[in-house]
Amino acid sequence: MIYLDNSATSPVDEEVLDSMMPYLREEYGNPSSKYYCKAVNAKNAVEEAREKVAQLLEARPEEIVFTAGSTESTNFILKGYMDYRKYYVDGKNHIITSVVEHKATLNTCKYLNGEIYSNNDPTFSLSGTARRVDRGYSASFIPVSEFGEVLPEKVREAIQPDTAMVSIIHVNNEVGTINDIATISGVCHQNGIAFHSDITQSLGKIPIDVKKMGIDYASCSAHKLYGPKGVGAAYLLSDDYGISPITAFMHGGEQEFGFRAGTLAVHNIVGFGKAAEIAKRDLQSTQKRISELDEYLVQNLLKMDCVRLTNSSEKRIPGLISIIIDIPYFHNERFIKMISDELAISTGSACSAGEPSYVISAMGLADMVSKVLRITINKHTTKEELDYLIKTISDNV
């Protein structure tokens, strides 16, 4: 099978797998235990990985908290910051996000806003009207441009006197739009507002410097940069006094500076560290290769009269190509199913599978939702594989 759904997950790098295996076999100690060698070795391995992840973000090691992935990181940061700000600081309780965020951000904000209690069932009443509960917070969901970009002026317009935090994705996971994070964070800081960004789709693919970009909090996962599933990180800005207080997401032991209780999955954390090390080491060469493949694929796809990009702007990350097959009889789900034995592509986010894309709709393309394909390249993709994809699409349209 030709795998071209790398925004959903990426293959584990061989170097990453090799680095993990000792911690599944002989080095199985609990890093929270003391004195004996297996515990010390495990703790040292975790701290080494923390340094490598921090280096990829241009952050300090003590600003990295390991989690189970971006979704947990986002829940921890948004719920934790809003709780602490409201109850322990100044009572501010309003959060701003966009309508095209990953479900981890959208549903967390909807939960805070009292709209939902789970991820697939809205709070409802027998009358059929949506029931909203008061959790003590409010949220605003701002629109985007025709290219899926969150404009800084829209963020500014949404700010209220009680706004505490803004959360905007760096690179959109469905259409690849790159948001101007530095400008948006500047708007936030001018108004005393904390800024969070989901950097899952950009980390390891384009340079990230959380300090220069003005990011106070960030979420990321290992499995989008050739690392293992089940591990990610929350970046929490620190100052001379350490990390600013934030309510813990899981209570229990004092692991991860007291922010995240539970025994650490050392093998996964080591794998994340190795993936981060490789990403930083190979960033320029990987960027160049994927950019060249992206250009080749887009040029050949656009030779077909019925194909166009959902995001034709220059603000698109190379390697994530979202296209519209604009012919009456084409249906993306049927097409993907038909070719699924040979090619792996998608209609959009794996976290929204089975429902129409709210991202595409928000871009003013609601009538094209069933005609969108998302193709995502990895560092192992070849031109021959792309040629096969191009021919497959051409033969069917």
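Not measured: the values here are computed from a predicted model.

Thresholds, definitions, all that
Residues numbered from 1 in each chain as written. Predicted model: local features only at pLDDT ≥ 70, side-chain atom pairs only at ≥ 80, totals over all residues. Heavy atoms only, no water. Helix = DSSP H or I, 4+ residues; strand = E, 2+ residues; numbered from the N terminus. Rg over C-alpha atoms; globule rule 2.2 N^0.38 Å. Buried < 20%, exposed > 50% of the residue type's maximum accessible area, 1.4 Å probe, protein only. Contact = heavy atoms within 4.5 Å. Areas by Shrake-Rupley, 256 points an atom, 1.4 Å probe, with all protein chains shown as cover. Lys, Arg positive; Asp, Glu negative; His and termini not counted. Charge placed at Lys NZ, Arg CZ, Asp CG, Glu CD. Polar contact = N/O pair within 3.5 Å; in protein donor to acceptor, adjacent residues only side chain to side chain. Axes fitted to C-alpha atoms, helices over the stretch in contact; angles between N-to-C directions. Parallel < 35°, antiparallel > 145°, perpendicular 65-115°, else oblique. Left-handed = near helix turned anticlockwise from the far one by under 90°. Patch = residues over 30% accessible without salt bridge, like charges linked within 9 Å, V, L, I, M, F, W, Y side chains within 5 Å. Salt bridge = Lys/Arg side-chain N within 4 Å of Asp/Glu carboxyl O. Expected span 1.5 Å × (residues − 1). 1 Å grid on protein atoms, 1.4 Å probe; cavity = no way out; pocket = protein on both sides within 12 Å on 5 of 7 lines; lining within 4 Å. Points joined across faces, edges and corners; volume = space filled by probe spheres on them. Nonpolar A, V, L, I, M, F, W, Y, C, P; charged D, E, K, R; others polar. Pairing = 2+ DSSP bridges. Phe/Tyr/Trp six-rings, centres within 6.5 Å; stacked < 30°, edge-to-face > 60°. Lys NZ or Arg CZ within 6 Å of the ring centre and 35° of its normal.

Trainee: Got a minute to help me understand the overall build of the protein in this structure?
Mentor: Across its full length, the protein holds 11 helices and 14 strands. Radius of gyration (C-alpha) of the protein: 21 Å, near the 21 Å computed for a compact globule of 397 residues. Reported as C-alpha extents along the three principal axes, the dimensions of the protein are approximately 65 × 55 × 45 Å. When burial is assessed residue by residue, the protein has 56% of its 397 residues classed as buried. Taking the contacts inside the protein whose residues are at least 6 apart along the sequence as the reference set, 73% of them involve residues at least 24 apart. Surface accessibility of the protein: about 17,500 Å² in total, with carbon and sulfur atoms responsible for 51%. Charge centroids of the protein, computed over 40 positive and 51 negative side chains, lie 2 Å from each other.

Trainee: Can you walk me through the side chain of D13 in this structure?
Mentor: Looking at the element boundaries, D13 is found in the loop between β1 (2–3) and α1 (14–20). A distance of 2.7 Å separates polar atoms of two side chains, one belonging to D13 and the other to K379. Residues within four places of D13 in sequence aside, it is in contact with Y226, I278 and K379.

Trainee: Would you mind showing me how to read the packing of helix α3 (residues 70–89) against helix α4 (residues 103–112) here?
Mentor: Two numbers describe a pair of packed helices, the interaxial angle and the distance between the axes. Where α3 contacts α4, the two axes come as close as 9 Å, and the packing angle between them is 30 degrees. By the angle class used here, α3 and α4 are roughly parallel. Relative to α4, the crossing made by α3 is right-handed. Residues T71, T74, N75, L78, K79 and M82 of α3 lie in contact with α4, whose contacting residues are A104, T105, T108, C109, Y111 and L112.

Trainee: Explanation requested: a nonpolar patch on the surface in the structure shown.
Mentor: Residues Y87, Y88 and V89 make up a contiguous nonpolar surface patch of roughly 370 Å² in combined accessible area. Along the chain, Y88 falls in helix α3. Residue classification places Y88 among the exposed residues on the basis of a relative accessible area of 56%.

Trainee: Whenever I open this one, α3 confuses me. Can you help?
Mentor: One turn of the α-helix equals 3.6 residues, which is why residues spaced by three or four share an orientation. Taking 1.5 Å of rise per residue, 20 residues should cover 28 Å, and α3 covers 26 Å from first to last C-alpha, within 8% of that figure. For α3, the complete set of buried residues consists of S70, E72, S73, T74, N75, F76, I77, L78, G80, Y81, M82 and R85. Looking at the residues trailing α3, positive phi occurs at G91, about 80 degrees.

Trainee: I tried to follow empty space enclosed by the protein on my own but got confused; where do I start?
Mentor: In this approach the atoms are scanned with a rolling probe the size of a water molecule, which exposes any empty space left behind. Scanning the entire structure with this criterion turns up 1 cavity of 30 Å³ or more. Within this model, the largest cavity holds a volume of roughly 350 Å³. Lining the largest cavity are 29 residues, with G204, K205, Y226, I290 and I377 sitting closest to its centre. Of all the elements in the fold, those that place two or more residues in the lining of the largest cavity are α7 (266–281) and α8 (283–301). Element by element, the count of residues in the lining of the largest cavity is highest for α8, at 5 residues. Residue classes in the lining of the largest cavity are distributed as 13 nonpolar, 11 polar and 5 charged.

Trainee: How do you make sense of the pattern of salt bridges when you look at a structure like this?
Mentor: Working definition: two side chains of opposite charge can pair if their charged atoms are close together. The final tally for this structure, using the stated rule, is 19 salt bridges. Measuring nitrogen to oxygen at the nearest pair gives 3.1 Å for the salt bridge that ties E58 to K280. Within this pair, whereas E58 is found in the loop between α2 (37–57) and β2 (64–67), its partner K280 is found in helix α7, the two being separated by 222 residues in sequence. Measuring nitrogen to oxygen at the nearest pair gives 2.8 Å for the salt bridge that ties D395 to K391. Note that D395 and K391 are positioned in helix α11 (residues 383–396) at a spacing of 4 residues, about one turn of the helix. Here the salt bridges share partners, and the residues they tie into one network are E48, K52, K274 and E277.

Trainee: Teacher, can you tell me more about the sheet that holds strand β14 (residues 372–376) here?
Mentor: Sheet strands associate in pairs through backbone hydrogen bonding, adopting either a parallel or an antiparallel arrangement. Strand order across the open sheet formed by 3 strands is β11-β12-β14, with antiparallel pairing between neighbours. The open sheet has two edge strands, β11 (307–309) and β14, and neither has a second partner. Adjacent strand axes in the sheet meet at a mean angle of 35 degrees, parallel and antiparallel pairs treated alike. Relative to β14, strand β12 (residues 320–325) runs antiparallel, the two sharing 5 bridges. Paired with I323 across the two strands is L373, which belongs to β14. Contacting β11, β12 and β14, α8 crosses the sheet at an angle of about 5 degrees to β12.

Trainee: In this structure, what is going on with the sheet that holds strand β6 (residues 194–198)? I would like to understand it.
Mentor: The mixed open sheet is built from 7 strands, whose spatial order is β2-β8-β7-β6-β5-β3-β4. Each edge of the open sheet is held by one strand with a lone partner, namely β2 and β4 (138–142). Put simply, the sheet's adjacent strands are angled 20 degrees from each other on average, direction ignored. Across 5 bridges, strand β7 (residues 217–221) lies against strand β8 (residues 232–236) in antiparallel orientation. Looking at the pairing, S219 lines up with A234 of β8. Where helix α6 (residues 181–190) meets the sheet, its contacts fall on β5 (163–167) and β6, and the angle it forms with β6 comes to roughly 155 degrees.

Trainee: What is the right way to look at the packing of aromatic side chains in this model?
Mentor: Two numbers describe a pair of aromatic rings. These are the distance of the centres and the angle of the planes. This model, assessed by the stated rule, comprises 5 aromatic pairs. Consider the rings of F66 and F272, whose centres lie 6.2 Å apart with planes at 65 degrees: the pair is edge-to-face. In this pair, F66 is assigned in strand β2 and F272 in helix α7, connecting sequence segments 206 residues apart. Exposure class is identical for F66 and F272. Each is buried. Over the face of the ring belonging to Y28 we find K38, whose NZ or CZ atom lies 4.6 Å from the ring centre. Just above the ring of Y111 sits the side chain of K79; from NZ or CZ to the centre is 4.8 Å.

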